[in-house]
Every structure is written in C-alpha cells, then in structure tokens.
Amino acid sequence: MLTTLKRIVQEVNQIPGLEPSLDRLATLVRETMEVDSCSIYLADYRNQALVLKATDGLEKNAINKVRINFNEGLIGLVGQREEPLNIENAPLHPRYKNYPEVNEEAFFAFIGTPIIHQRKVLGVISMQQKSIRRFSEDEEAFLVTLATQIGLEIANAEIRGVLDVNSERAFDAPKSINGVPGSPGLALGQAFVINMKHELSQLVVRKTTNQKKEIEHYRKAVEITRGQVDSLSDNLADSLPEDIKAIFQLYHHLLDANSLGREVEQKIRENWDAASSLKLVVDNYAARFAAMEDPYMQERAIDIIDLSNRILHNIMEASGSSTNTDQDLPDNVILVAREVSASMLAEFPVEKLKGIVSIQGSNNSHAAILARAMGVPAVMGLGGVPLSLVNHQELFIDGYSGQVVLAPELQARAVFLQLIAEEEALSKRIESEAEQPAKTQDGCHMTLLVNAGLSAGLEMEQNKQGAGVGLYRTEIPFMLRERFPSEQEQYELYHSLLSAHPNKEMTMRTLDVGGDKPLSYFPISEDNPFLGWRGIRLTLDQPDIFLVQVRAMLRASIGLTNLHILLPMISTINEVDEANRLINQVFHEVRAEALKNQQTLVKPSIGVMLEVPAVIFQLERLAEKVDFFSVGTNDLTQYLLAVDRNNSRVAGLYSSYHPSVLIALSHIIRISNRCNIPVTVCGELAGEPSGALILMAMGYRKLSMNAHSLRKISWVIRNVSIAELESLLADVLSCDGPSDVKHIADKYLELKGLGGLVRAGS
Ligand code: PEP
Ligand code: MG
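Going along each chain's sequence as written, the residues are numbered from 1 onward. Each chain takes a letter, starting from A, and each ligand takes a number, starting from 1, following the order in which they are written. Local features in a predicted model are, by the rule used here, given only for residues with pLDDT of at least 70; side-chain atom pairs are given and counted only at 80 or more, and totals for whole chains, interfaces and linings are based on all residues. Here the side-chain values reflect all heavy atoms present in the structure, with hydrogen atoms and water set aside.

Caption draft 1: Layout of the coordination of the magnesium ion (ligand 2). Only nitrogen, oxygen and sulfur atoms count as donors, using a 2.8 Å cut-off from the metal that widens to 3.2 Å for Na, K and Ca. Water is left out, so coordination shells may look unfilled. Looking at the magnesium ion (ligand 2), the protein donor atoms are Glu611 (OE) and Asp635 (OD), and they sit 2.0 to 2.1 Å from it. Here glutamate 611 is found in the loop between strand S19 (605-610) and helix H20 (619-625), whereas its partner aspartate 635 is found in helix H21 (residues 633-641), with 24 residues between them in sequence. You can call glutamate 611 buried: its relative accessible area is 2%. Type-normalised accessible area, obtained with a 1.4 Å probe on protein chains alone, sets the label of each residue: buried when under 20%, exposed when over 50%, and partly exposed for intermediate values. Accessibility expressed as a relative area gives 2% for aspartate 635, which makes it buried. Strands are runs of DSSP state E lasting at least two residues, helices are runs of H or I lasting at least four, and both sets are numbered from the N terminus onward.

Caption draft 2: Molecular detail of the packing of helix H22 (residues 659-675) against helix H23 (residues 689-698). Structural elements are reduced to axes, namely lines fitted to C-alpha atoms, with helices fitted over the stretch in contact, and the angle between N-to-C directions of any two is expressed from 0 to 180 degrees. The geometry of H22 relative to H23 is characterised by a closest axis approach of 9 Å and an angle of 40 degrees between their N-to-C directions. Viewed along their axes, H22 and H23 adopt a mutual orientation that is oblique. Relative to H23, the crossing made by H22 is right-handed. Across from Leu662, Leu665, Ser666 and Ile669 in H22, the residues of H23 making contact are Ile694, Leu695 and Met698. The residue classification treats Ala, Val, Leu, Ile, Met, Phe, Trp, Tyr, Cys and Pro as nonpolar and Asp, Glu, Lys and Arg as charged. All others, Gly included, are polar. In terms of residue class, the contact of H22 with H23 is made up of six nonpolar, one polar and no charged. Each angle receives one of four descriptions, namely roughly parallel if under 35 degrees, roughly antiparallel if over 145, roughly perpendicular if within 65 to 115, and oblique otherwise. Left-handed describes a crossing in which the near helix is turned anticlockwise from the far one by less than a right angle; the clockwise case is right-handed. Pairs of residues are marked as contacts when any of their non-hydrogen atoms sit within 4.5 Å.

Caption draft 3: Summary view of the pattern of salt bridges. Here a salt bridge means any side-chain nitrogen of Lys or Arg lying within 4 Å of a carboxyl oxygen belonging to Asp or Glu. Following the criterion strictly, the structure yields 35 salt bridges and no others. The shortest N-O distance in the salt bridge between glutamate 19 and lysine 53 comes to 3.2 Å. Of the two residues, glutamate 19 is situated in helix H2 (residues 18-33) and lysine 53 in strand S2 (residues 49-56); the sequence distance between them amounts to 34 residues. According to the relative accessible area criterion, glutamate 19 is partly exposed, its value standing at 24%. Lysine 53 sits in the buried class, given a relative accessible area of 5%. Put simply, lysine 517 and aspartate 512 hold a salt bridge, and the shortest N to O gap is 3.2 Å. Residue classification places aspartate 512 among the buried residues on the basis of a relative accessible area of 0%. Bridged by salt links that share partners, the residues Glu475, Arg509, Asp512, Lys517, Arg534, Asp635 and Arg645 form one connected network.

The structure is reproduced here in structure tokens:
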C-alpha cells in the first residue's frame with residue numbers, strides 16, 4: 001500500500017497548479033482502487049461550504065459549481081465530524097442529500113474522509129461505488145493515509161495561491177498568512193529575503209513569453225554546472241571510490257544536451273520558464289527512480305535532485321533573480337529568511353530594519369528574543385512559504401497576532417498606517433517618562449535590569465537608564481565568530497562591560513550553547529538538542545572552555561566589584577559543586593596574580609539559573625551552595641510543559657502563563673524568600689506587561705528584560721498598585737489554562753488605562 005501511495009503522491013506533486021493536480025489525483029485513486037468514482041472537495045470558509053474541485057466518476061461540469069454546506073449532505077457531515085464515514089447504502093442515510101448536478105443517482109456505497117492540516121479541515125476526499133457494499137478496512141485505511149499525505153500539499157498550494165499573482169487561487173482568499181507572534185509591534189515595509197537557497201522542492205512553476213531567453217539561461221547554467229562538476233571530480237580524482245565515480249558519470253550523462261537538456265528545452269517550448277521546466281522534468285525522473293524496487297536506484301533520485309539544485313542555482317544567477325545584494329536594500333526592510341540568526345541581524349543596517357519574518361522558529365526561539373531585544377516587530381514560523389514569491393513584495397506584519405499581509409490594498413494600507421501611527425504615539429509617551437523611577441502607586445520600588453548580549457552590545461546603547469545587567473548572554477559573541485574567542489579577546493569584552501557601569505551589577509552567564517544556539521566551529525548533532533549537551537553540561541565536559549571564560553571574567557573584574565557569575569541549565573547539585581570548584585580554582589590563581597601587582601580581586605557572587613524543573617524541588621539545598629537565583633522562564637516553560645520553544649507547530653501550547661508554570665514560579669519566590677536568597681526573573685515573561693504584573697503579585701521585586709521592554713514595564717509599574725495585584729493572584733493561580741490567566745491580567749491593564757500595550761494589533 002505504501003509504495004502505491006508514494007507513487008500517487010509523487011506523481012500528483014509534479015503537476016503544476018492545484019486544480020490539475022487534484023484532477024489527476026481523483027483519476028489515480030479511482031483507477032488504483034478500482035472504484036466507480038473519486039471526488040475531492042475543498043473548504044471555502046468564507047461561505048461555510050465544501051466545493052467540488054475534482055472528480056473522476058461524477059459529472060465534471062459540476063466542478064466549482066456544487067457547493068455543499070458543512071451542515072448538509074454526507075460530504076458536509078464528514079467535514080463537520082472531522083472523521084471518516086463508510087456507508088453501504090448512502091441514499092438510506094438520514095444526512096443523504098441528492099445534488100442533481102453531480103449525477104450520482106447510480107451510486108450507493110460511499111466513503112469519505114476529511115483532509116486536515118493543523119487542526120483545520122481543508123477538504124474532503126470521497127470514493128463511491130455503484131454496488132451496495134461496505135468499503136473494506138484496507139480501502140478505508142488507504143483513503144485516510146492518502147488524506148494525511150495530501151493535507152500538507154494542499155495547505156502549501158493554498159499559501160502559494162495567496163502569494164502568487166500568477167497562480168490560480170482555490171478561492172478568493174485574503175492575502176494574509178498566519179504565523180506565530182515573535183516580537184510585538186506593527187510594521188509596513190518591503191520584503192528582503194536573505195540567504196535565499198534555491199531548491200526545486202520550493203520552486204513555484206511559472207510560464208514565460210520569452211522562450212529564447214529561457215533556453216539561453218538554461219544552457220548557460222548547464223555550462224557553469226558542468227565546469228563545477230568537473231573541477232569537483234578533478235579535485236577528488238585520486239581518492240574517489242568506484243560508487244562515487246559512478247555518480248559523477250551519471251551527472252555527466254544528465255548534463256549532456258541529449259539527456260535532461262532535450263526534455264527541459266522541450267518544456268521551455270511549451271512556455272514554462274527555465275527553472276520551472278527543469279523542475280517539471282526532474283521531478284518526473286526523481287519519482288521514477290524513487291519508485292524503483294532496487295534501493296541503489298532509489299538513492300539515485302537523490303543524486304538527480306542534488307545536481308538539479310546546482311543547475312537551478314545557476315539558472316537563477318543567469319537570469320539575475322538570485323540572492324539580493326546590498327544595493328537592492330530599501331529604507332524600510334522587512335527582513336525575511338528561512339531561519340533568522342544572530343549574525344544575520346548583527347550585520348544588518350539597523351536603521352533600515354522595520355520588521356522580521358522567520359519561516360522557521362517559534363515565539364521563544366532565540367531569533368524572536370533577539371527581535372524583541374532590538375524592538376523590531378517579528379513573525380515566526382510561516383511554514384511552507386516559498387521565499388522567492390515573497391521577495392520584494394510589500395508586507396504588513398503584526399507581531400502581536402502573528403499575521404502577515406501581502407501587498408495590502410490601498411484601503412487596508414491606510415488602516416495599517418493609522419495603527420502604526422497610534423503605536424508610535426504610545427511609544428513616544430512611554431519614552432517621555434523614561435527617567436521616572438519604577439515605583440508602584442503604593443510605593444513599592446522594583447529593580448529593573450536589562451538582558452544583554454543578544455544583539456552584540458546594541459542593548460547596552462539602548463539602556464539609556466543605565467540599569468544594571470541581570471543577564472548577559474555570553475554565548476552571542478561566541479556565535480558571531482568563526483572560532484572560540486581567546487582569553488584575551490574575552491577579557492577585553494568583559495572588561496569594557498564591567499567598567500562601563502562600575503556601580504551597577506553585571507551578571508554574566510557562562511556559555512550557554514547547544515539547543516538553538518549553535519557554534520559553527522563546534523558542531524553538535526543530536527536528535528533532541530534541547531534535552532542534550534547544552535549550557536553547563538557542555539562546559540563541564542570541556543573544562544578548558546569553562547576555565548578560560550571564567551578566568552577572562554575574573555581578570556576583567558580586577559579592581560571592580562560588580563561581577564556576578566550565573567550558571568545556565570543546572571539540573572543537579574553536582575554540577576553546582578563542580579562549577580564552584582573550578583571557579584574557586586581560577587579565583588585563587590587570578591587573585592594571586594592581582595596581588596603581585598597590588599590589585600584586588602573580590603570574589604564574585606555565584607548564581608544558578610532556575611530553568612530545569614528538577615531544581616525547583618531542591619531549592620533549599622541549592623540556596624546553601626550559591627549566592628543568588630535567576631529564573632529562566634523561557635526554558636522553565638519549555639521543560640515543564642514539554643513543548644519545544646523553537647517549534648512553531650506546537651507554539652499554541654507554549655505559554656509561560658500556563659497555571660503550572662505560575663504555580664512553580666510562586667513556589668520559587670516563596671522558598672527563596674524563606675532561604676533569604678535574592679532572586680531575579682530574567683526570562684521573557686518579565687518583560688511582558690501581563691507577565692511582570694503577575695510576577696510582582698507573587699512577590700518578585702527584581703526583573704530583568706530587554707532594553708525595549710524596560711521603559712514599557714517601568715511605565716506599567718508606575719500605574720499599578722501592589723495591593724491590587726496581590727488581590728488578583730488567587731484568581732490567576734486557580735485558572736484552568738493560559739488564556740484565562742492572560743484574560744485576567746489584560747483586563748486589569750485595560751482597567752488601568754494601559755490597554756494599548758496588549759492590543760492584538762490589527
Ligand atoms: C531562559 O531560559 O529563560 C533564559 C533567560 O535563557 P535563554 O533564553 O538564553 O535560554
Ligand atoms: Mg535558558
């Protein structure tokens with residue numbers, strides 16, 4: 001069954017355009033399953049109906065005409081119940097409704113199954129038979145499995161329909177796509193895709209009117225590819241084993257004008273552009289190879305695709321539609337990338353950056369934290385969006401709701417500009433009070449600190465209030481280099497930070513790489529990176545890295561008193577003991593050196609991040625071993641809820657407002673106060689208006705956040721009272737879910753006239 005399914009899906013995927021591919025799908029299913037009809041309906045949510053989009057067996061003239069409401073007929077019932085329906089004699093079913101246009105009087109047996117993607121019913125696929133019989137379990141299993149496989153394809157085709165002005169749309173869909181909110185704020189600007197990697201699998205096929213030019217582009221691209229392949233095989237000539245030699249021979253054969261070339265040029269003559277023609281031909285080859293029984297031949301499908309991606313890249317270069325260059329950079333850029341990275345943002349001219357769209361990642365990925373640190377609106381996790389279609393389009397992005405609107409029309413544009421203006425007015429108001437103290441209406445002083453390191457020092461510039469640093473993520477300077485920074489390089493960096501505000505605390509976290517913070521020069525490949533070799537686990541296994549870093553920090557702190565050292569990802573007491581031992585060892589060495597020069601070195605206070613749930617149950621023991629705690633709500637949420645902070649598919653489940661996270665936080669502050677140990681919250685929750693209020697209600701008095709949130713949170717603090725917040729706490733902690741918690745907090749903010757801060761954008 002699997003091979004048949006694979007063959008059908010592969011064949012259908014090669015067909016350009018949604019409607020022709022659904023048409024072919026209906027035929028293939030009818031023929032393979034030997035049934036009398038197969039039909040596909042797609043959901044049109046605007047009109048609450050399922051529309052016949054393809055059929056083999058029913059009346060083809062009814063395509064796009066028959067619309068079945070979700071509360072009508074058997075197709076509607078499948079869509080409504082979101083489960084398969086297998087009926088022996090359909091006309092006897094109470095929900096049966098005859099649609100004369102489709103001409104189905106002769107059919108009795110019916111089976112239908114929903115096509116679902118990310119909880120949403122995209123359509124229904126059905127098979128019918130003229131006899132009275134129940135479809136077998138095998139037939140039912142086939143249809144259900146097929147439906148799961150085509151769900152993603154249909155969702156992607158819908159997105160392409162939204163994006164591509166040339167493609168037919170399934171319906172008059174609004175030109176907007178939903179992602180995950182990454183950084184609050186609204187922006188209108190021009191999409192600028194960086195690091196666009198051309199892959200045939202991502203290519204959206206297009207027609208051309210200039211066959212001659214397309215043939216030229218193709219031939220030029222093949223020439224360049226041939227040169228690249230030749231020099232590759234020359235370089236490897238002596239060391240090549242026989243099987244690899246065979247691959248190069250295959251490449252040469254394919255690059256021959258009489259092989260791929262003939263077929264590609266034929267497609268160009270059918271008015272497809274060069275890249276599309278290559279895709280259409282290669283998909284066909286790859287599917288034929290992949291369907292072969294022999295595993296060796298199946299593998300060759302990968303080689304063909306690999307070579308073709310090279311040709312594609314060269315076609316794009318030849319046609320001038322390759323990656324953007326800096327000269328193309330407009331003044332209002334919405335930066336779009338498959339995966340936004342720290343170095344990408346560090347190198348980007350900040351004054352031109354209005355918004356960020358990352359195809360991968362989620363709301364607490366480090367790219368999203370980075371965007372918040374820079375105060376730039378961001379949307380994450382846009383899934384199957386082909387970058388080439390977005391490039392250079394005008395985009396409106398709503399970082400509150402995660403919505404991206406493409407090429408907004410005049411009226412919508414005017415509304416967006418108005419919303420942006422309102423937001424700017426609010427920021428100006430907050431800015432004008434930047435110097436005011438963070439003191440509640442009933443006189444409670446809050447200590448606000450800044451999280452730094454993520455945008456290569458930018459936060460320190462923005463930290464106009466000169467707040468201390470509650471979390472300096474030292475891994476970022478490591479990530480921006482191509483090798484480990486030397487002790488001296490680290491010393492210089494740390495010293496400049498410590499001496500800039502000698503009277504303000506500077507909490508430096510030891511290297512926290514792993515998870516979604518990779519070092520290009522220290523690659524780690526793991527199945528579960530967030531549960532793997534990360535933070536203190538890695539640095540204790542590589543004490544050289546840890547010792548060099550701590551030595552650089554201690555040397556930088558000679559003559560100063562503001563260094564605090566923070567240990568990330570602690571999950572056992574042993575790790576704290578081991579880290580303390582190493583820190584003490586370096587401390588004694590550096591102090592001895594300092595004394596020789598008549599300089600002093602005070603012992604820095606040592607703290608641990610509370611971000612792995614295990615430590616919540618050992619707080620008293622930990623408090624005996626260290627000087628302070630810092631709560632990392634980002635990871636604590638991820639590990640308590642078992643939700644990958646980087647995976648947009650489960651973004652709806654990731655929330656630091658989950659009552660279990662809040663109960664854990666309230667336990668932490670209670671025990672910390674009892675043990676008399678200072679505690680800060682440095683996760684993103686502390687920088688959100690609702691989050692900060694809840695933490696204050698629990699008793700937290702030290703919050704560390706990105707420099708942008710600092711002014712906002714300080715403004716919130718001045719407008720609320722601790723007594724009122726405390727009275728909300730019992731309600732918050734007894735909520736069933738995160739949305740109820742958010743609702744209570746947001747309602748309070750609105751009551752205090754601070755609703756503008758939590759508005760859901762457009
Ligand atoms: C956290 O986990 O809350 C935290 C502050 O650390 P990071 O986001 O760098 O993992
Ligand atoms: Mg963390």
